[in-house]
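Residues per chain are reported as follows:
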Amino acid sequence: MRFRRLPWDESRVLVTSMSGDWLLMSRADFARVIDKDLRKDEPLLADLEARHLIMTDSAACTLAPLLSQYRTRKSYIEQGPKLHIFVVSLRCHHTCAYCQVSRQPLGQSQFDMSSETAAHAVKRLFEWPARDLTVEFQGGEPLLHFGRIKALVEAIEARNRNEGRNIRFVIASTLHDLTGDQLAFMRDHHFDLSTSLDGPEWLHNANRPRPEKDSYRRTVEGIELGRKVLGDHAVSALTTLTRRSLRAPVEIIDEYRKLGFHSISLRPLSPYGFARKTETRNGYPIGDFLRFYAMALDHLLEVNRSGFLMEETYGRMLLGQLLTPFSHGYVDLRSPTGAGLGAVVYDYDGTVYPSDEARMLASMGNRSFALGKVEQPVTTWLESRAMYRILAAGAAEALPTCADCAYVPLCGADPIDHFARQGDTIGHRPTSDFCRKQMGLFDLLLERWESGSDRDRLILESWAHQATRRVAQVEFA
Amino acid sequence: MDAGLFSADVVARTAHRYTDCFFVELTRSDYAHTIALTPKNDDVDLSGIDGRFRNDALDERLRERIRAETMDLHVSLVQAALRQAAPTSAES
C-alpha cells in the first residue's frame, strides 16, 4: 500500500494497492487505517478490503484475486517485444529543428538499409516469442526507400506462412510524395499510416520546414490520399510540441477536428538529436507543458461535450491505467521497462537498439545502449552489457522515490530517458522531467475525473476503455 | 526534529524530496535531527518551508510503518505472481 496527498486537496490522500487498485480518502481516515482503528462495521473497511488495500484476517482472506490482478497488470512481460521498428533510411526531405533522429540529406543513400541487413533483421524478428508483432517502418523518411519496405514485407509474410504470427504493418511517415503504387501495396498488406501534424498551417510549416514552404499542404494531401485508399481508421497523426506550439492548444485541437481526426497525441519535445541542439530556441520547462496540457484537456472535454468524440492518446493510456485493471503495451508505462522488453529497433546499418530513444542517443554519438548487430542471435543482445544496464534501472518499484510513489503501480521506468536527461539510468526523481510529466498528468486526470461533471467523467472513462480495447495496438513513444 | 519520533531513514527520505531546489545537510545528536536546507537559487519558494518539511516527514513516517508491516508479504506476492512470467523458450 502506497499513498500520496492530493495536490488539489491536501486533507485527502490517494491510496493504491500493489496491483494499482486505489481509493481516495481523508488523511485522518488514512491515519486510522494505519493505526488499525477502523470499526468492523465501517463501510470504509469493507471498501479497503474489496480493493485489496488491507487484509483484516489473514486466515480467512485469500490473496488469489490480488495475485491475479497483479499478473493482469504486468501481463506485458510474458511474451517479449511486440513492437519491432525497422529504420529503412535516415534520409529525409525535411529540415526540422527538433528532429530527434539526426536525419540525412536526400542524396546520401549510404544511410539506407541494405538487403543483407534486412534479411538478418527478418530472421531475428521471428526469434522473439510474441504471437502478435507490430512491424513499424521508420526513418528519416521511410517512403524514400520504399523498395526496401516492399522487400521486407514480402520476406516477413513468406516466413510467416510457417510461423502463423499475427503481424501488423505501420509506416511512420510525413506522407509527402506518397504514390498510388505505394498505397496499393499498403492496402494489399493492411498497413496503418502514422504521420506528424503539428497543428494549423502556420505552426506546422514553422515546425517542419521544407524549402518550398508547403509541408502542411503535402501532409494534409497525404492524409486524404491515405484515407481514400486505406480507410479513415488506418491514418493517425501526432503532434510534436515546440515552444511556439504551447501558445496554441485550442488551435491545434481544432485543426485535428477540422481534418476529422478523433484522436490526437500531444507530445512534448524529447532531448535527442537536433532537438538537443535547438533546445534553447524550441525547448521549454516541463511545467509549461503541463499548463499547456491542462488547457488542451479542458478544450478536448468541451469538444467532446459538443458531440465530436476526440481523445488524447497519452491521457487515454494514463486513464486506462487509473480506471481499468488491464495492462497495455505502451512502452513508457511499463515496469520492468519497455526498452528491449517491449520494443526493438533494427537500424539502417544493422545495429540493434532497445528503443527509439537509444537509437537517437547513438545518432548523437553515444552508442552505449546498442544491444548488438542483426547478424547476432537475440540471446546475444539479451546478454549484452547494455541490456544489463537497462534492467538494473528498469523496475520502477525499486527506484529511489518511485518505490514509495502512489502512482508507481500504474507508471513505468525509463532508464534511457533518464540517462539522456540526467546522465544516469537510475536518475534523480526530484529533478526528473519524466517524473514531473507522469505525476503532473496523473494528478491532472485524476482531479478532472473526480471533480468534473457526470458528463466529463463519462468522457474520460470512455477514453480509459478505449485504451483497454487497443491492447494489441502499438503506441508510439 | 525529535530523533525519538523520526528515524534517520525517515528524515533522509524526506530531505531527498527537497533536493530539487535545495542543498541538504543532515546532522544528528542523541535526541534530535538537524536539517539545513540551502536554496539553490533566489527563486526558490521558502514560504512555509518548515511546516511543509514536517508534514512530509510525517508522511514518510507513515510509509515507514507500512513498509515494516507489509514488505515481506509484498515480496512474496510479487514472486508468486511473476513466477509464471519467467521466459521458457521461443514459440517459433
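Above this note sits the structure.
Residues numbered from 1 in each chain as written. Chains lettered and ligands numbered in written order. Predicted model: local features only at pLDDT ≥ 70, side-chain atom pairs only at ≥ 80, totals over all residues. Heavy atoms only, no water.

### Things to note about the layout of surface pockets
Then comes step 1: The space that makes up the second largest pocket amounts to roughly 1400 Å³.
Then comes step 2: Lining the second largest pocket are 45 residues, and of these Arg4(A), Met439(A), Arg17(B), Asp20(B) and Asp56(B) lie nearest its centre.
Then comes step 3: Secondary-structure elements contributing two or more residues to the lining of the second largest pocket are strand E1 (2–6) and helix H18 (433–451) of chain A together with helix H2 (49–82) of chain B.
Then comes step 4: In terms of residue count, the dominant contributor to the lining of the second largest pocket is H18(A) (eight residues).
Then comes step 5: Classifying every residue of the lining of the second largest pocket by side-chain character gives 20 nonpolar, eight polar and 17 charged. (1 Å grid on protein atoms, 1.4 Å probe; cavity = no way out; pocket = protein on both sides within 12 Å on 5 of 7 lines; lining within 4 Å. Points joined across faces, edges and corners; volume = space filled by probe spheres on them. Helix = DSSP H or I, 4+ residues; strand = E, 2+ residues; numbered from the N terminus. Nonpolar A, V, L, I, M, F, W, Y, C, P; charged D, E, K, R; others polar.)

### Notes on the sheet that holds strand E12 (residues 343–346) of chain A
Residue and element names in this part refer to chain A.
Then comes step 1: The nine strands are arranged E10-E8-E7-E6-E5-E4-E12-E13-E14 in an open sheet whose pairing can be described as mixed. A strand with exactly one partner marks an edge of an open sheet, and here the two such strands are strand E10 (266–268) and strand E14 (372–373).
Then comes step 2: Strand direction decides the pairing type here: strand E7 (residues 191–196) and strand E8 (residues 235–241), joined by four bridges, are parallel. In the strand pairing of E8, Leu193 is matched with Val235.
Then comes step 3: This element, helix H14 (residues 356–363), spans strand E4 (83–87), strand E5 (132–138), E12 and strand E13 (351–353) of the sheet and lies at about 130 degrees to E13. (Pairing = 2+ DSSP bridges. Contact = heavy atoms within 4.5 Å. Axes fitted to C-alpha atoms, helices over the stretch in contact; angles between N-to-C directions.)

### Section: the side chain of Gln138(A)
Then comes step 1: Here Gln138(A) shows up in strand E5.
Then comes step 2: Setting aside residues up to four positions removed in sequence, Gln138(A) forms contacts with Ile85(A), Phe86(A), Val87(A), Val88(A), Ser89(A), Ala172(A), Asp356(A) and Arg359(A).

### Quick notes on the pairing of E8(A)
Residues and elements named next belong to chain A.
Then comes step 1: Burial runs high along E8: six of the seven residues are buried.
Then comes step 2: Both E8 and E10 contribute to a ladder of three bridges, which runs parallel. Residue Leu241 lies in a different strand from E10, and its bridge partner there is Pro268. (Buried < 20%, exposed > 50% of the residue type's maximum accessible area, 1.4 Å probe, protein only.)

### Some words on helix H13 (residues 313–323) of chain A
Residue and element names in this part refer to chain A.
Then comes step 1: Counting buried positions along H13 yields 10 of 11 residues, so the element is predominantly enclosed.
Then comes step 2: Within the span of H13, buried status applies to Thr313, Tyr314, Gly315, Arg316, Met317, Leu318, Leu319, Gly320, Gln321 and Leu322.
Then comes step 3: Taking the backbone nitrogen of Tyr314 as reference, a side-chain oxygen 3.0 Å away marks Glu312 as the first, capping residue of H13. (Polar contact = N/O pair within 3.5 Å; in protein donor to acceptor, adjacent residues only side chain to side chain.)

### Let's talk about the interface of chain B and chain A
Then comes step 1: Chain B puts 27 residues into the contact, and the matching count from chain A is 32 residues.
Then comes step 2: Across the chain B/chain A interface, buried area totals approximately 2700 Å², and carbon plus sulfur atoms make up 59% of it.
Then comes step 3: Counting only elements with at least two residues in the side of chain B that touches chain A, the list comes to helix H1 (8–16) and H2 of chain B.
Then comes step 4: The biggest single contributor to the side of chain B that touches chain A is H2(B), with 17 residues. (Buried area = accessible area lost by both parts, 1.4 Å probe.)

### Regarding the pattern of salt bridges
Then comes step 1: Applying the stated rule across the entire model yields 43 salt bridges over all chains.
Then comes step 2: A salt bridge links Asp59(B) to Arg5(A), with the nearest nitrogen and oxygen atoms 2.8 Å apart. Of this pair, Asp59(B) sits in helix H2 while Arg5(A) sits in strand E1, on two different chains.
Then comes step 3: On the basis of relative accessible area, Asp59(B) is assigned to the buried category, the value being 4%.
Then comes step 4: Here Arg421(A) ties to Asp433(A) by a salt bridge, and the two come within 3.7 Å at their closest N and O atoms. (Salt bridge = Lys/Arg side-chain N within 4 Å of Asp/Glu carboxyl O.)

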